Amino acid sequence: MSLQKIAVDNYTVFVGNTCWNELSEMVNSDNYSSARFFVLVDEHTLAHCWPILANAVPQLQNAEIIEINSGESEKNLDICYQLWKVLDELEADRHSVMIQLGGGVIGDMGGFVAATFKRGIRFIQLPTTLLAQVDASVGGKTGVDFEHKKNQVGVFANPDAVFIAPQFLDSLTDDQLRSGSAEMFKHALVADPAYWEVMCHADLRNAKQAAKLITRSVEIKRDIVTADPHENGWRKLLNFGHTIGHAFETMALESDGAPLQHGDAVAAGMICETYLSQKLNGLPKEDMEQVCHFLAERFPAIAFEDINVHRLLELMRSDKKNSGGRVNFTFLEKIGKGSVNHTAENNAIVEALYYYRELVSTTA
Ligand SMILES: NC(=O)c1ccc[n+]([C@@H]2O[C@H](COP(=O)([O-])OP(=O)(O)OC[C@H]3O[C@@H](n4cnc5c(N)ncnc54)[C@H](O)[C@@H]3O)[C@@H](O)[C@H]2O)c1
Ligand SMILES: [Zn+2]
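First, a word on scope: everything that follows refers to the structure included in this document.

Reading guide: rules and limits
- All residue numbers refer to position in the chain's written sequence, counted from 1.
- Starting at A for chains and at 1 for ligands, labels are handed out in the order in which the entities are written.
- Residue-level local features of this predicted model are given only where pLDDT is at least 70; pairs of side-chain atoms are given and counted only at 80 or more, and the full residue set underlies all totals for whole chains, interfaces and linings.
- Hydrogen atoms and water are omitted, and side-chain values are computed over all heavy atoms in the structure.
- Only DSSP runs of H or I covering at least 4 residues are called helices, and only runs of E covering at least 2 are called strands; the numbering of each starts at the N terminus.
- Taken over C-alpha atoms, the radius of gyration is set against a globule rule of 2.2 Å times the number of residues to the power 0.38.
- Per-residue accessibility, obtained with a 1.4 Å probe over protein chains only, is compared with the maximum for each type, and a residue is labelled buried under 20%, exposed over 50%, and partly exposed between these values.
- By the convention used here, residues are in contact when the closest approach between their heavy atoms is within 4.5 Å.
- In this description, accessible areas are obtained by the Shrake-Rupley approach with a 1.4 Å probe, and a residue is regarded as covered only by the protein chains that are shown.
- Residues scored as positive are Lys and Arg, those scored as negative are Asp and Glu, and His as well as the terminal groups of each chain are ignored.
- Taken as the charge centre is NZ of Lys, CZ of Arg, CG of Asp or CD of Glu, depending on the residue.
- Any Phe, Tyr or Trp ring, taking Trp's six-membered ring, that has another such ring centre within 6.5 Å forms a pair; planes under 30 degrees apart are called stacked, those over 60 apart edge-to-face, and the others tilted.
- Atoms of type N, O and S within 2.8 Å of a metal are treated as its donors, and for Na, K and Ca the window is 3.2 Å; water is not considered, so some sites may appear to be missing partners.
- Polar contacts here mean pairs of N or O atoms no more than 3.5 Å apart (in protein, one a potential hydrogen donor and the other a potential acceptor; neighbouring residues in sequence count only if both atoms are side-chain atoms).
- Only buried Ala, Val, Leu, Ile, Met, Phe, Trp, Tyr and Cys residues count toward a nonpolar core, and they belong to the same one when joined by side-chain atoms within 4.5 Å.

## Some remarks on the overall build of the chain
When you go through the chain residue by residue, the secondary structure sums to 14 helices and 11 strands. By the compact-globule yardstick of 21 Å for 364 residues, the chain fits well, its C-alpha radius of gyration being 21 Å. By its C-alpha atoms, the chain is 60 × 45 × 35 Å across when sized along the principal axes. Within the chain, buried positions represent 55% of all 364 residues. Long-range contacts, defined as pairs at least 24 residues apart, comprise 76% of the intrachain contacts of the chain with a sequence gap of at least 6. Per element, the accessible surface of the chain, about 16,000 Å² overall, is 48% carbon and sulfur. Between the averaged position of the 32 positive side-chain charges in the chain and that of its 48 negative side-chain charges there is a distance of 5 Å.

Listed below in structure tokens is the structure:
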């Protein structure tokens, strides 16, 4: 598939392995003639992605490489301080450009550091995980975690451009790829029935298919966020699966076990919220069964005991997306059509959790 160009606000998202031509043109353009480039990486993207970039865009071989350690725990203000300090020591100026070469952690934190250094320098996003390509790369949210709260400090800031090269996915594990795909299933379920059908049979290891599917996800996210840039209503469509998914994610963090992958938690959340959509929002039963069985087969089961249910409800209630003590849900009306600002009684939520547990026990 040839290169795809998706216009978002005042910048373009390029999707395809030939996007390097556009990036080369961009860094050689008059706009960047006095620019110095600072490429933010972690140890994994330095090893796997920087060689690809340096080879494809030789002009960047002289860029300053700034390396941080990988991991969500690095996405904090202490690391931002170090990054601002490095930029200052290297005498980055208002003409400088930061290039974020990494997953959502690099993208969110690098974007925030760029957007605030000297009241904002230009930056370019080169997302290298599927999650970052289909989700974090669009919407202008940048920031870091603070006092154990996710994304608590940040700003909305747009990059100059986003370049999505599916070839970066080659070095991701199957688990990472599956986790990122959950957001694509979510895009399909809330906005595009034909895309759901395609996603159900997709092979994301095939670069051509991946480019096409990533493009569709980026378009859907673009359409949703441009209709509601500051999350007043419509953008809540993107929360589908996340109300219950976040509760699973936090519960895993509170226990001693391995942390859950975000997408796996969201997939479990989507099963529960699809069940609620049928019970409370008129989603046809056959749609519900199709979605729930598919996701249960595709994503790993998350175990919980009866004793955990109360904690899960508490976590949903304390989610930052709620107001006035009610749990806010995004439901489906049918496959490919979501609707926002719903609520559910505790007993219905508990029923959904038990439905999930029963379903995954028979699917395994
Ligand atoms: N800004 C937004 O709108 C938005 C949306 C969704 C998620 N996020 C944020 O994104 C973050 C999660 O992103 P993530 O899942 O990409 O995690 P991540 O950035 O931590 O990357 C996951 C791991 O993959 C490694 N990696 C990255 N690219 C690789 C490649 N091509 N090959 C091999 N390894 C590679 C990284 O080094 C890291 O170890 C969270 O902090 C979340 O808050 C932001
Ligand atoms: Zn998500």
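Continuing now.
## Side note on the packing of aromatic side chains
Tallying each qualifying case throughout the model produces 12 aromatic pairs. Relative to tyrosine 356, the ring of phenylalanine 248 has its centre 5.8 Å away and its plane inclined at 45°; by these criteria the two rings are tilted. In this pair, phenylalanine 248 is assigned in helix H10 (residues 242-254) and tyrosine 356 in helix H14 (residues 346-363), connecting sequence segments 108 residues apart. Per residue, the accessibility class of phenylalanine 248 equals that of tyrosine 356, and both read buried. One aromatic cluster in this structure is built from Phe185, Trp196, Phe294 and Phe299.

## Section: the coordination of the zinc ion (ligand 2)
Bound to the zinc ion (ligand 2) are the protein donor atoms Glu183 (OE), His242 (NE2) and His262 (NE2), situated 2.0 to 2.1 Å from the metal. Accessibility expressed as a relative area gives 22% for histidine 262, which makes it partly exposed.

## Quick look at the side chain of glutamate 273
Counting through the fold element by element, glutamate 273 comes out in helix H11 (residues 262-281). Polar side-chain contacts of glutamate 273 include one of 2.6 Å to the backbone nitrogen of glycine 241. Ignoring any residue separated from it by four or fewer positions in sequence, one finds glutamate 273 in contact with Asn239, Phe240, Gly241, His242, Thr243, Ile244, Gly245, Phe329, Thr330 and Phe331.

## Digging into the nonpolar core
In this structure, Trp196, Ile214 and Phe248 are the most contacted members of the largest nonpolar core, which totals 80 residues. Those residues within four positions of tryptophan 196 in sequence are excluded, and the remaining contacts are Phe185, Ala188, Leu189, Gln290, Val291, Phe294, Leu295 and Ile335. Counting residues in hydrophobic clusters, the runner-up holds 28 residues, among them Phe14, Phe37, Ala54 and Ala63.

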